[in-house]
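Geometric and topological summary
Take a look at the letters that make up each chain.
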Amino acid sequence: MDEIRQIEELKTGALRELVAIGSTKGLEAWRVGYLGKKSQLTGVLRSLGRLPLATRKAVGARANEVKAELEAGFKQKEQALLGAQLETLSGEEAVDVTLPGRALPEGRLHPVTQVLHEISDIFASMGFKVVEGPEVEWDYYNFEALNIPKEHPARDTMATLWLDYETESGDRPMLLRTHTSPMQIRFMEKVKPPLRIVVPGKVFRYEATDATHIPMFHQIEGLAVDKGISMADLKGTLYEFARRFFGPDRQVRFRCDYFPFVEPGVEMAIECAVCKGAGCRLCGGSGWIEILGAGMVHPKVLERVEIDPGIYSGFAFGMGIERIPMLRYGVDDIRLFYTSDLRFLRQF
Amino acid sequence: MKVPVSWLKEYVSIDLPLKKLAERLTMAGSEVKGIQEAGGSWKNIFVGQIVDIKPHPNADRLSLVTVDLATEQLTVVCGAPNLKLGDKVAFARVGAELIDGHSGQRVILKPARIRGVDSGGMVCSEKELAISDRHEDIMVLPPEAPVGARLTRSAILDLDITPNRPDLLSVIGIAREIAALTGQKPTIAEATYEEKGAAIEKKISVEIVDTDLCPRYCCSLINGIKIGDSPEWLKSRLSACGLRPINNIVDITNYVMLEYGQPLHAFDYDRIRGKRIIVRRASAAETIVSLEGAQRVLDGDMLVIADMERAIAIAGVMGGANSEVDQETSSILLESANFNPASIHYTSHRLRLASEAAMRFERGISPELPLPAIKRATQLILELAGGKVAQGIVDAYPGKKQPKAILLSQNRVRAVLGVDISINQVARVLTSLGCSWTPEMIDELEDFGLEEVSEEILVYPPYWRSDLNLDVDLIEEVARIIGYDRIPVAMLAHPLPQQDPEPSITLKQRVSQSLTGYGFQEVITYSLTSLEVLKRLWPESNSPEPMPLRVANPMTIDQEYLRTTLRANLLEAVANNRRHEEGGIRLFELGRVFLPRPGDLPDEPEVLCAVLSGSSLGKSWSAEGKPFDFFDAKGAVESLLSQLGVTADFEVGNDKGLRPGSQAIIVVAGDRLGVVGQFHPRVSQAFDISGPVYLFELNLTALLPHTLSHKGYQPIARYPAIVRDIAIIVDVGVTHRQVTKVIKGFSLVKQVTLFDVYSGKPVPTGRKSLAYRLTFQSPSHTLTDEEADRVQQQILDRLSTELGATLRG
């Protein structure tokens with residue numbers, strides 16, 4: 001039975017070769033050679049028809065057995081090779097892990113936006129609703145209704161940019177708001193207490209530009225009005241804000257200050273982060289950094305929006321925003337925020 | 001307000017260390033900005049006495065001065081004209097730190113040889129000690145200064161006085177404040193003098209015409225005075241407070257203004273015509289030459305002091321040159337008056353004439369102050385300039401008011417401060433500030449000492465506290481004197497007010513988060529711009545449309561108009577960054593633009609504008625960047641809108657600032673909400689940008705209503721889909737949108753994706769090939785190939801009849 005011997009030799013050779021194979025490429029060549037359409041084994045199977053019937057059966061059976069054995073060997077080898085490949089890459093195929101990754105374009109929020117979001121979120125979690133108001137305002141909302149009548153000296157502390165718009169009587173009542181406080185009036189005109197709002201936004205001043213002054217900057221205003229609100233609530237709310245924003249270790253100080261639309265008036269300062277209260281150049285030697293102005297809403301302001309100051313009381317506060325990222329990141333020139341320089345903005 | 005501590009000590013004792021005192025004042029509302037030690041470090045400067053003056057052998061104008069320093073006597077060269085034997089002077093030894101009298105620089109004194117004479121020290125001027133700018137004369141110390149002692153510095157407190165406290169713009173006011181804060185009573189004596197002249201009524205009469213602007217007018221008359229220099233102590237106090245000494249009369253009016261807070265003015269009596277003072281509104285266009293020599297044109301809202309013929313002073317702001325005190329003056333009429341604060345503010349601002357007097361009047365000082373102040377000034381004039389004072393003081397006081405009483409209850413104090421303070425303690429604090437008070441239920445109380453007061457008191461503020469009008473004003477006084485740190489800390493305890501988040505703010509946050517995720521950097525730019533910059537955006541037209549709002553008092557011409565678009569600022573940002581950025585620049589801004597409305601505030605829509613310039617990637621080892629094109633901008637808008645749940649159409653646009661053929665209008669539910677496209681090359685060039693710049697712009701205010709509805713959920717299809725690719729050839733003018741509109745008309749088409757656009761061989765000229773992948777799916781059953789074939793054929797037929805499409809072979 002030459003055919004059977006031939007098949008046995010084929011099998012032995014094939015399996016010997018299979019053991020030595022080390023790559024998927026070699027394995028594929030082996031498969032084509034021994035199991036492909038033109039392989040010897042296929043040839044044997046094809047030529048069965050020419051054999052006498054008795055032989056044909058035996059050879060055919062053996063050839064099919066060997067084919068199955070080789071196929072099993074192939075599968076096993078294939079798994080082994082794939083496994084090895086999944087586990088390690090070697091030589092040229094290995095990755096230089098220090099090559100930079102395929103970059104995704106990166107964009108960030110402006111640092112002032114980031115801080116505004118952060119502050120708004122803190123107050124939102126204390127029940128304050130975030131609202132916005134117009135940037136061009138009437139004198140009435142910006143000054144008059146806030147207890148700052150015409151010719152009041154407090155107007156001089158907020159140098160105003162007036163719009164070129166005159167009424168028939170020659171008044172010039174339209175301006176770029178100098179603070180976010182007008183929204184106190186606008187909101188209370190519409191909504192009666194209890195209310196709690198914060199108002200982030202742009203404000204404008206007639207100022208020459210330098211490292212600490214710009215004609216446009218951001219503020220956030222706060223207002224809470226309800227029955228029974230006292231200065232203790234003001235202190236508690238602002239303490240909580242300071243604790244969350246600046247951290248629990250920074251000392252907070254409340255002192256008397258004057259703003260026409262609150263009484264009593266308050267200024268809140270935090271301990272200077274650089275000198276820890278000892279006094280240094282950053283804090284002007286005082287050890288404190290002024291963060292915001294606040295106070296109990298003036299009865300005249302409440303009366304103006306038809307809220308009875310005998311029943312309701314409230315507190316308000318307002319803080320400049322740019323100072324905060326300046327202190328936090330050590331930015332020494334406020335103009336940098338508004339030059340749109342990517343080398344600056346990408347750092348936040 | 002600068003105030004020397006030594007001056008304060010005349011009214012109140014200061015035992016606290018200055019730093020501590022400064023802190024108390026600051027906490028109570030008057031921030032101490034600095035404690036200046038005049039002269040900096042006064043090392044090696046001693047009190048000396050001039051014991052000999054000899055002429056310099058080689059120089060006419062110089063002298064050799066011998067100064068006794070107790071331990072030794074030194075002879076130095078000195079050029080000052082006011083050397084006087086026996087005077088006490090400040091003597092700087094070699095090594096002292098001084099201000100150079102000529103250069104103003106800080107220097108260390110070295111031994112010198114002046115015109116052949118050795119000089120090992122110096123007799124100092126005020127400038128050299130940084131006390132004032134006076135350099136000609138040497139500084140003369142008070143006779144009681146101990147020879148040989150180190151020269152001690154007089155500290156100056158520099159306070160920030162808030163606009164509600166005009167009473168603190170004075171030494172006495174600050175002394176009162178310190179007294180209240182340290183539990184003392186200030187010692188303020190009334191000035192007295194002998195009146196030896198004739199009755200003043202015979203010499204002058206006063207008429208207040210406009211009593212609404214002048215509640216009170218007092219004057220005194222002093223004859224036979226001698227104009228001259230003020231004594232050193234007075235001059236140095238004025239200098240310390242930042243005022244320049246002029247002559248004894250003017251200096252005294254300034255001195256008393258600093259001391260009492262009441263501005264005074266001295267007229268040359270002989271130049272008052274008709275011997276009558278008339279306080280009246282100026283007539284229209286009336287003119288006066290003010291003291292510093294400028295002609296001022298007044299209006300009918302300004303108050304003047306006039307004589308029978310003309311205005312002689314701008315009331316409360318500045319005196320007139322025509323009645324000025326000069327070297328010849330021998331009789332003066334001294335004015336101490338009270339004026340309406342708003343009127344003074346108006347006049348001073350309208351004339352751009354700021355003065356120490358106006359600054360005090362416009363804050364509203366008490367009409368009770370003129371009398372004590374005029375007495376003090378009159379007394380000083382008699383002492384320092386001689387003369388005889390007429391009998392009496394003219395006191396026209398049409399604006400006298402009853403003292404106001406403010407009802408204050410313990411409940412109110414508790415309600416405002418959130419802490420219980422006994423009415424006793426409240427009364428004690430208010431008393432220390434000069435208030436008087438009576439128990440409210442006065443009839444029922446026999447004895448109302450501090451020990452037995454009711455829950456309510458009626459408080460009468462002292463005359464100098466014109467800022468105390470309401471109970472909350474008094475409560476602030478109590479809080480600031482006991483200290484804000486005594487107020488407890490509480491958290492808002494009431495239920496949260498019912499309120500929903502503002503949808504516009506939520507939308508802005510979603511938009512900016514998406515855009516940063518797509519790689520856009522947020523910028524914030526100024527809302528103010530110039531007409532010239534806006535014009536660059538529309539090269540074809542002469543003026544921007546709409547015409548922007550103008551600022552009446554712009555700081556610079558670059559910031560004269562309110563922006564109507566964000567485009568200009570973003571182009572400038574691209575241009576500026578292009579100087580140092582090689583790769584792609586993606587920027588966005590989210591901000592207001594200002595669109596004028598007649599007779600009303602402008603419309604302020606919230607606008608998003610984003611720009612792309614350069615290429616999608618920087619130079620990289622791993623991938624190649626591709627220059628941005630229209631579809632990068634459009635893709636970002638599409639992603640953004642899709643995230644917001646908004647479906648948009650894009651129509652061909654014709655914005656003049658954008659490049660024709662490369663721009664589209666973004667249409668949402670029929671509303672035109674923005675544009676996407678390429679800037680017109682002439683626009684980008686006008687901003688110094690060479691390559692193309694793409695943008696998209698969305699009106700978020702108008703978009704907002706489209707983002708609010710929640711879309712219903714689409715069930716996931718249960719039956720398998722059949723996918724077919726077709727390629728058709730159409731005329732180049734046929735748009736993708738036209739093709740998809742036809743295809744989407746068939747209900748079994750679930751999805752259409754364009755995957756290839758091609759023109760060129762073998763596609764005939766004027767035609768293009770579009771390849772689509774169509775996904776067929778039925779919600780009710782598994783589709784058969786035959787069904788898909790049938791629909792596909794119907795689609796092709798429809799495309800052929802409606803758009804002249806042929807199947808690409």
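Residues numbered from 1 in each chain as written. Chains lettered and ligands numbered in written order. Predicted model: local features only at pLDDT ≥ 70, side-chain atom pairs only at ≥ 80, totals over all residues. Heavy atoms only, no water.

1. Some thoughts on the overall build of chain B
Heads up, the condition is: For the purposes of this entry, the term helix denotes a DSSP run of H or I that reaches at least four residues, the term strand denotes a run of E that reaches at least two, and both are numbered from the N terminus. Buried means the residue's accessible area, taken with a 1.4 Å probe over protein chains only, is under 20% of the maximum for its type, while exposed means over 50%, and partly exposed covers the values in between. Contact definition: two residues touch when any of their heavy atoms are within 4.5 Å. Only the protein chains shown count as covering a residue, and every accessible area follows the Shrake-Rupley method with a 1.4 Å probe. By the counting rule applied here, Lys and Arg register as positive and Asp and Glu as negative, while His and the ends of each chain are not counted. To locate a charge, the coordinates of NZ of Lys, CZ of Arg, CG of Asp or CD of Glu are taken.
Secondary structure assignment for chain B yields 19 helices and 43 strands. In terms of overall dimensions, chain B has C-alpha extents of about 130 × 90 × 55 Å along its principal axes. Considering chain B as a whole, with its 809 residues, one finds that 52% of them fall into the buried category. When contacts within chain B are restricted to residue pairs at least 6 apart in sequence, long-range pairs at least 24 apart make up 69% of them. Only carbon and sulfur atoms are counted for the fraction: they give 50% of the accessible area of chain B, which is about 37400 Å². Across chain B, the 88 positively charged side chains and the 102 negatively charged ones have centroids separated by 5 Å.

2. Points about the side chain of Arg250 of chain A
All names here are of chain A. Formally: What makes a salt bridge here is a side-chain nitrogen of Lys or Arg within 4 Å of a carboxyl oxygen of Asp or Glu, nothing more. Definition of a polar contact: a pair of N or O atoms within 3.5 Å, with one able to donate and the other able to accept a hydrogen when the atoms are protein atoms, and with sequence-neighbouring residues admitted only if both atoms are side-chain atoms.
Take Arg250: it is sitting in the loop between helix H8 (231–246) and strand E6 (252–256). Look at Arg250: it is buried, it has no salt bridge, and the nearest opposite charge is Glu271 at 4.8 Å. Here Glu271 takes part through its backbone oxygen, which lies 3.0 Å from a polar atom of the side chain of Arg250. Once residues lying within four places of it in the same chain are set aside, the contact partners of Arg250 are Ile270, Glu271, Cys272 and Ala273.

3. Points about the interface of chain A and chain B
Rules: When residues are grouped by polarity, Ala, Val, Leu, Ile, Met, Phe, Trp, Tyr, Cys and Pro land in nonpolar, Asp, Glu, Lys and Arg in charged, and all others, Gly among them, in polar.
Between chain A and chain B, the residue contacts involve 88 residues of the former and 87 residues of the latter. With a shortest N-O distance of 3.5 Å, Lys129 of chain A and Glu502 of chain B are connected by a salt bridge. Along the contact surface separating chain A from chain B lie 34 residue pairs in polar contact (both at pLDDT 80 or more). Element by element, the count of residues in the side of chain A that touches chain B is highest for H8 of chain A, at eight residues. Of the residues belonging to the side of chain A that touches chain B, the class tally is 46 nonpolar, 15 polar and 27 charged.

4. Concerning the packing of helix H2 (residues 18–27) of chain B against helix H3 (residues 171–182) of chain B
Residue and element names in this part refer to chain B. Quick note on the threshold: For helices, the axis comes from a line fit to the C-alpha atoms of the stretch in contact; other axes are also lines fit to C-alpha atoms, and the angle between any two N-to-C directions lies between 0 and 180 degrees. Every angle not falling under 35 degrees, over 145, or within 65 to 115 is termed oblique; those three ranges are roughly parallel, roughly antiparallel and roughly perpendicular.
Across the interface, H2 lies against H3 with an axial gap of 11 Å and an inter-helix angle of 95°. On the basis of the axis angle, H2 is roughly perpendicular to H3. Here Leu21, Arg24 and Leu25 of H2 lie close against H3, whose contacting residues are Glu177, Ile178 and Leu181.

5. Section: the environment of Glu28 of chain A
By secondary structure assignment, the location of Glu28 of chain A is in helix H2 (residues 24–35). Residue classification places Glu28 of chain A among the partly exposed residues on the basis of a relative accessible area of 37%.

6. As for the nonpolar core
How we decide: To qualify as a nonpolar core, a set must consist of buried Ala, Val, Leu, Ile, Met, Phe, Trp, Tyr and Cys residues joined through side-chain atoms within 4.5 Å.
In terms of nonpolar packing, the biggest core is built from 208 residues, with Ile119, Phe123, Phe241 and Met319 of chain A touching the most fellow members. Residue contacts for Ile119 of chain A: discarding those within four places in its chain leaves Ile220, Phe241, Phe245, Met319, Ile321 and Ile324 of chain A. Within the second largest apolar cluster, 44 residues are counted, among which are Ile204, Val279, Ala311 and Tyr346 of chain B.

7. Observations regarding the packing of aromatic side chains
Our working definition: Each pair of aromatic rings taken from Phe, Tyr and Trp, with Trp reduced to its six-membered ring, is defined by centres within 6.5 Å and is described as stacked if the planes are under 30 degrees apart, edge-to-face if over 60, and tilted in the remaining cases. Any Lys NZ or Arg CZ that is within 6 Å of a ring centre and within 35 degrees of that ring's normal is treated as a charge sitting over the ring.
Counted under the stated rule, the structure contains 23 aromatic pairs over all chains. Ring centres of Tyr140 of chain A and Tyr141 of chain A lie 5.1 Å apart, and the angle between their planes is 85°; on these two criteria the pair is classed as edge-to-face. A residue is classified by how much of its surface remains accessible, and Tyr140 of chain A, at 30% relative accessible area, is partly exposed. In this structure Tyr141 of chain A comes out as buried when scored by relative accessible area, which is 12%. Each member of the aromatic cluster is reached from another via a ring pair, and the members are Phe123, Phe128, Phe241, Phe245, Phe246 and Phe317 of chain A. Here the guanidinium or amino end of Arg186 of chain A rests over the ring plane of Tyr141 of chain A, the centre of that ring lying 4.1 Å away. Cation over ring: Lys275 of chain B sits above Tyr269 of chain B, and NZ or CZ is 4.4 Å from the ring centre.

8. Quick notes on the state of the cysteines
To keep it simple, the criterion reads: By definition, disulfides here are pairs of cysteine sulfur atoms that lie within 2.5 Å.
For the structure on display, the rule yields zero disulfides over all chains. There is no disulfide at Cys256 of chain A, and the cysteine sulfur nearest it, in Cys435 of chain B, is 15 Å away.

9. Section: the sheet that holds strand E14 (residues 205–208) of chain B
All names here are of chain B. What counts here: What makes two strands pair is DSSP finding at least two bridges between them.
Taking strand neighbours across the sheet as the criterion, the five strands line up as E14-E17-E20-E21-E22 in an open arrangement whose pairing is mixed. Two strands in the sheet have a free side with no partner beyond their single neighbour: E14 and strand E22 (318–319). Alignment of E14 against strand E17 (residues 276–281), held across four bridges, turns out to be parallel. Bridge pairing links Ser205 to Arg276 in E17.

10. A word on the sheet that holds strand E4 (residues 195–204) of chain A
With mixed pairing, the seven strands of this open sheet are ordered in space as E1-E4-E5-E9-E8-E7-E6 (chain A). Looking at strand neighbours, the two that pair on one side only are strand E1 (129–130) and E6 of chain A, the edges of this open sheet. Against the sheet, helix H11 (residues 471–482) of chain B touches E6 and strand E7 (262–271) of chain A, its axis set at about 30° to E7 of chain A.

11. Description of the pairing of strand E6 (residues 88–93) of chain B
All names here are of chain B. E6 sits mainly inside the fold: five of its six residues count as buried. Direction of pairing for strand E3 (residues 45–56) relative to E6: antiparallel, over a ladder of five bridges. The residue of E6 that forms the bridge with Ile45 is Ala92. Bridge count between E6 and strand E12 (residues 140–141): two bridges; the pairing is antiparallel. Its bridge partner lying in E12, Lys88 is registered against Leu141.

12. Overview of the domain arrangement of chain A
The test is simple: Domain boundaries shown here were taken from an automatic or database domain assignment.
According to the domain assignment, chain A consists of domain 1 (2–93) and domain 2 (111–345). One C-alpha centre belongs to domain 1 of chain A, the other to domain 2 of chain A; they are set 84 Å apart.

13. Overview of the pattern of salt bridges
Residues and elements named next belong to chain B. Tallied over the full model, the rule gives 68 salt bridges over all chains. Residues Arg237 and Glu10 are paired through a salt bridge, measuring 2.7 Å at the closest nitrogen-oxygen approach. Of this pair, Arg237 sits in helix H4 (residues 232–240) while Glu10 is found in the loop between helix H1 (5–8) and H2, placing the two residues 227 residues apart along the sequence. Exposure remark for Glu10: the relative accessible area of 39% places this residue in the partly exposed category.

14. Comments concerning the pairing of E7 of chain A
Residue and element names in this part refer to chain A. Burial analysis of E7 places 10 of its 10 residues in the buried class, the great majority of the element. The loop that links E6 with its antiparallel partner E7 comprises five residues. As paired elements, E7 and strand E8 (residues 288–297) share eight bridges and run antiparallel to each other. Looking at the pairing, Ile270 lines up with Ile289 of E8.

15. A few points about helix H1 (residues 2–20) of chain A
Convention followed: Here the expected span of a helix is defined as 1.5 Å times the quantity of residues minus one.
Taking 1.5 Å as the rise per residue, H1 of chain A with 19 residues should run 27 Å; its terminal C-alpha atoms sit 28 Å apart, in good agreement. For H1 of chain A, every residue scored as buried is listed here: Ile7, Leu10, Lys11, Gly13, Ala14 and Leu18 of chain A.

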